[in-house]
Amino acid sequence: MPPTDNALILELKNIHAVYGKKIHALKGVNLKIHTGEIVALIGSNGAGKTTLLKTISGVLPAEQGDILFKGRAIQNIKPHEIACLGIAHVPEGRKIFPRLTVLENLEMGAFSRVDAGGIERDLRHAFELFPILKERRGQLGGTLSGGEQQMLAMARALMMKPELLMLDEPSMGLAPVITDKIFEIIAAINKEGKTVFLVEQNARRALSVASRAYVLETGQIVSEDNAQNLLNDPKVQEAYLGV
Amino acid sequence: MFIEQLFNGLVLGSIYSLIALGYTLVYGILMMINFAHSEVLMVGAFVGLAAYTLLAPPAGGWVALVLVLLVAMTASGLLGIVIEKLAYRPLRQAARLAPLISAIGVSIILSNAVFLWVSNQLLSFPKVVPEQSISLGFMKIGSLQILIFFTSLILMAVLHFMVQKTKMGKAMRACADDLTTSGLMGIDVNKVIAFTFLIGGALAGAAGVLNGMYYGSIKYNLGFLPGVKAFTAAVLGGIGNIAGAVLGGFLLGILEVMAAGYLPNGSQWKDVFAFVVLIGVLLIRPSGILGERIAEKI
Ligand SMILES: Nc1ncnc2c1ncn2[C@@H]1O[C@H](COP(=O)(O)OP(=O)(O)OP(=O)(O)O)[C@@H](O)[C@H]1O
Ligand SMILES: [Mg+2]
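Remember, predicted model here, so these are calculated numbers, not experimental data. (Residues numbered from 1 in each chain as written. Chains lettered and ligands numbered in written order. Predicted model: local features only at pLDDT ≥ 70, side-chain atom pairs only at ≥ 80, totals over all residues. Heavy atoms only, no water.)

## Topic: the interface of chain B and chain A
As a reminder of what qualifies: The contact definition used throughout considers only heavy atoms, calling two residues in contact when any of these lie within 4.5 Å. Buried area counts how much accessible surface, traced with a 1.4 Å probe, disappears from two parts once they are put together, with both parts' losses summed. Salt-bridge detection follows one rule: a side-chain nitrogen of Lys or Arg within 4 Å of a carboxyl oxygen of Asp or Glu. We call two N or O atoms a polar contact when they sit within 3.5 Å, provided that within protein one can donate a hydrogen and the other can accept it, with sequence-adjacent residues counted only if both atoms are side-chain atoms. Here a strand is any run of E in DSSP of at least two residues, a helix any run of H or I of at least four, and the numbering for each starts at the N terminus. Amino acid classes used here: Ala, Val, Leu, Ile, Met, Phe, Trp, Tyr, Cys and Pro are nonpolar; Asp, Glu, Lys and Arg are charged; the rest, including Gly, are polar.
Tallying the contact residues gives 25 residues for chain B and 32 residues for chain A. In this assembly, chain B packs against chain A so that about 2600 Å² is buried in total across both faces, 61% of it on carbon and sulfur atoms. Here chain B and chain A share 3 salt bridges between them. Taking the shortest distance from any N to any O, the salt bridge between Asp177 of chain B and Arg99 of chain A comes out at 2.6 Å. Along the contact surface separating chain B from chain A lie 5 residue pairs in polar contact (both at pLDDT 80 or more). For the side of chain B that touches chain A, the secondary-structure elements that each account for two or more residues are α6 (167-177) and α7 (179-184) of chain B. The biggest single contributor to the side of chain B that touches chain A is α6 of chain B, with 7 residues. Of the residues belonging to the side of chain B that touches chain A, the class tally is 9 nonpolar, 7 polar and 9 charged.

This is the structure we're talking about:
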């Protein structure tokens, strides 16, 4: 059943983003995410996927266009304010805090929260989802393996108690088993009610977990459909699924 | 004699450490050298003197000491915040040289402001707490030195606790690791940066008072030498590294006192050793003694 427009959690209208003055990385992106969905964004290297997430989270303010989160325009506010509104961005390359312990990394996720009881509960839940982090909680983030760092980055984002979780290439550089694990957890997080916006190069994996997807090419959305249709689309198969 | 000199070195070093911490905290987050820090120290010394003259009982004493320190620390801390907001924040996205030049500008403005509007003379700085000599049998030490040393240690311990255990301290470390990602976590990085300047400034203010008590006088240009020496200490320990700043400060203090005491004509050359160390460290090990970052796995 297609979600109705009043369940819209994020809407991008004609978003343009530039680096410096010359590099026009996003050229009029329109995109909608409904509450409770997993939406995937696929595209090749340099298409602008990371840029799009940075624009949403305010790290790279949009040059033009509107970003509405639950109906509220957020394109002109600071990253930390956007985070506090309920958007968690797990950046490309995980970006955990290497010189903070695992526990301190998680505490930073909860930085702006004041509900001590809720933080405690979410921490316990994060350790349930990622038991390895509980074992390693006193260890410095920088000493974790790549897979553990990805888990830490996701757990840290969950500590923000976000409504929308944006993941930038969570499977990058991970062994297939770990990737399976990560995608299982993404599905589980979604079942718990979080909306997920998933950026992936691994298009097959992304489309298998997502309900809908967008294809980004050189800064523009070139197609948009439900995930099953895209999996069967010959153009997508050729360009992104290696068929 | 040697033991006494060693203790003297630790006393002087403790002042350098306090100042060095300010350089290192700011560098840790913004990767910039706050060249105005030495002037924040100088202003702290003048505010401390003013507080003593205006507020403290003339006989001095412990209450007076705490009062003078608190007022100087508050003033220097706030000055740090103001400098960051006016001179560095607008240049955050600019090329790396820009805030450095701005810092030198602030430094010139502050020392000239004190020169013109406060005093261009050497002003005598009170000991605040009456001095005695304490004999430990094998060595004699002055109460002033003990006071400077332990005041510094207490401040360092408070800083250590704050950075390691409090929420704001952890946020400071997170920002030092990755400013952009800290913002994504909902941390207001501008607040954390301002807080860092507050802490660094406050430590410099305390150091200004202790330095004034140590030498017994202050002047508008007093910041330069301890500033450069503390900067050297920070580089020696590994700039950006908090423990390194403390270690570097103590090492430099000991080196200076020992060289002044044991080298022929050493005391005339004592201000030169810091520069020799600075050049040596930059040539041999620019990352300093403890300056090694844990590589982030990709
Ligand atoms: N900081 C930057 N400065 C200048 N140009 C940039 C910057 N970051 C990205 N770009 C450019 O913007 C375009 C989009 O990059 P982006 O990182 O968003 O791509 P991507 O789709 O995430 O690619 P990948 O799959 O390789 O991560 C690229 O042409 C890139 O070179
Ligand atoms: Mg990318």
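## Regarding the site of ligand 1
Residue and element names in this part refer to chain A. Selection rule: Throughout, the term near means that a residue has one or more heavy atoms lying within 4 Å of the molecule or strand in question. Method for areas: the Shrake-Rupley scheme with a 1.4 Å probe, in which residue coverage is limited to the protein chains shown.
Neighbouring ligand 1 are 14 residues, the closest being Asn45, Lys49, Thr50, Thr51 and Glu92. Lys49 has a polar side-chain atom sitting 2.7 Å from an oxygen atom of ligand 1. Within the complex, 63% of the 630 Å² of free accessible area of ligand 1 lies under protein. Among the secondary structure elements, those contributing two or more residues to the shell around ligand 1 are β2 (23-34) and α1 (49-57). Considering each element in turn, the shell around ligand 1 owes the most residues, 3 residues, to α1. The residue inventory of the shell around ligand 1, partitioned by class, reads 4 nonpolar, 7 polar and 3 charged.

## Re the side chain of Arg212 of chain A
Residues and elements named next belong to chain A. So the rule is basically this: Any residue under 20% of the maximum accessible area for its type is buried, any over 50% is exposed, and the rest in between are partly exposed; the area is computed with a 1.4 Å probe on protein chains only.
For Arg212, the location among the structural elements is in strand β9 (residues 212-217). By relative accessible area, which is 14% here, Arg212 ends up buried. Side chain to side chain, Arg212 and Glu37 meet in a polar contact 2.6 Å long. In terms of polar contacts, Arg212 uses its side chain to reach the side chain of Tyr214, at 3.3 Å. Beyond its immediate sequence surroundings of up to four residues, Arg212 is in contact with Lys32, Ile33, His34, Glu37, Ile38, Val39, Ala40, Glu224, Asp225, Asn226 and Ala227.

## Focus: the sheet that holds strand β4 (residues 64-69) of chain A
Picture the strands of a sheet paired through backbone hydrogen bonds; they go either parallel or antiparallel. Residues and elements named next belong to chain A. Our working rule: For two strands to be treated as a pair, DSSP must find at least two bridges joining them. Think of each axis as a best-fit line through the C-alpha atoms, taken over the contacting stretch in the case of a helix, with angles from 0 to 180 degrees between the N-to-C directions.
Spatial strand order, β2-β1-β4-β5: 4 strands in an open sheet with antiparallel pairing. The sheet is open, and its two edges are formed by β2 and β5 (72-73), each paired on a single side. Sheet topology note: the strand β1 (residues 8-19)/β2 ladder contains 9 bridges and is antiparallel. Residue pairing for β2: Ile15 is matched across the bridge by Val29. The sheet strands contacting α1 are β1, β2 and β4, and the helix crosses β1 at an angle near 115 degrees.

## Concerning the packing of aromatic side chains
Basically, it comes down to this: Each aromatic pair joins two rings of Phe, Tyr and Trp (for Trp, the six-membered one) with centres within 6.5 Å, and gets the label stacked for planes under 30 degrees apart, edge-to-face for over 60, and tilted for any other angle. Working rule: Lys NZ or Arg CZ, within 6 Å of ring centre, within 35 degrees of ring normal, means a charge sits over the ring.
Taken as a whole and assessed by the stated rule, the structure comprises 8 aromatic pairs over all chains. Members of the aromatic cluster, each reached through a chain of ring pairs, are Phe7, Phe149, Phe150 and Phe250 of chain B. Sitting over the face of the ring of Phe97 of chain A, Arg156 of chain A holds its NZ or CZ atom 4.8 Å from the ring centroid.

## A look at the side chain of Asn105 of chain A
Residues and elements named next belong to chain A. Locating Asn105 in the fold gives a position in helix α3 (residues 102-109). Given a relative accessible area of 0%, Asn105 falls into the buried group. With sequence-adjacent residues up to four places away left out, Asn105 is seen in contact with Ile96, Phe97, Leu100, Gly141, Leu152 and Arg156.

## Describing helix α4 (residues 97-117) of chain B
Spelled out, the test is: Expected span of a helix, by definition, is 1.5 Å for each gap between consecutive residues, and there is one gap fewer than residues.
Along its 21 residues, α4 of chain B runs 30 Å from first to last C-alpha, staying within 8% of the 30 Å computed at 1.5 Å per residue. Structurally, α4 of chain B contributes buried residues whose contacts are with α2 (37-55) and α3 (62-88) of chain B.

## A closer look at the pairing of β4 of chain A
Residues and elements named next belong to chain A. Pairing geometry for β1 and β4, over 5 bridges, is antiparallel. When the sheet's bridge partners are listed, Leu10 is paired in β4 with Phe69. Count of turn residues in the β4/β5 antiparallel hairpin: 2 residues, of which Lys70 carries a positive phi of about 50 degrees.

## Details of the coordination of the magnesium ion (ligand 2)
Here is the rule we go by: Donors, by definition, are the N, O and S atoms found within 2.8 Å of a metal, the threshold being 3.2 Å for Na, K and Ca, and water is not counted, so a site can look incomplete.
Bound to the magnesium ion (ligand 2) on the protein side are Thr50 of chain A (OG1) and Glu92 of chain A (OE), at distances that span 1.9 to 2.3 Å. On the criterion of sequence distance, the pair formed by Thr50 of chain A in helix α1 and Glu92 of chain A in the loop between β6 (87-90) and α3 is long-range, its members being 42 residues apart.

## Let's talk about the packing of helix α5 (residues 143-165) of chain B against helix α8 (residues 189-215) of chain B
Residue and element names in this part refer to chain B. How we decide: Each angle receives one of four descriptions, namely roughly parallel if under 35 degrees, roughly antiparallel if over 145, roughly perpendicular if within 65 to 115, and oblique otherwise.
Here α5 crosses α8 at 175 degrees, and the two axes come no closer than 10 Å. It follows that α5 is roughly antiparallel to α8 by the angle criterion. Where α5 approaches α8, its residues Leu144, Leu147, Ile148, Thr151, Ser152, Leu155, Leu159 and Met162 are matched on the opposing element by Phe195, Ile199, Leu203, Ala206, Leu210, Met213 and Tyr214. Here the residues of the contact of α5 with α8 are counted per class, giving 13 nonpolar, 2 polar and no charged.

## A few points about a nonpolar patch on the surface
Counted only if it meets this: Patches draw on residues past 30% relative accessible area with no salt bridge. Two like charges within 9 Å are joined, as are two nonpolar side chains (Val, Leu, Ile, Met, Phe, Trp, Tyr) within 5 Å.
Residues Met1, Phe2, Ile3, Leu136, Phe138 and Tyr262 of chain B make up a contiguous nonpolar surface patch of roughly 690 Å² in combined accessible area. Along the polypeptide, Tyr262 of chain B turns up in helix α10 (residues 242-262).

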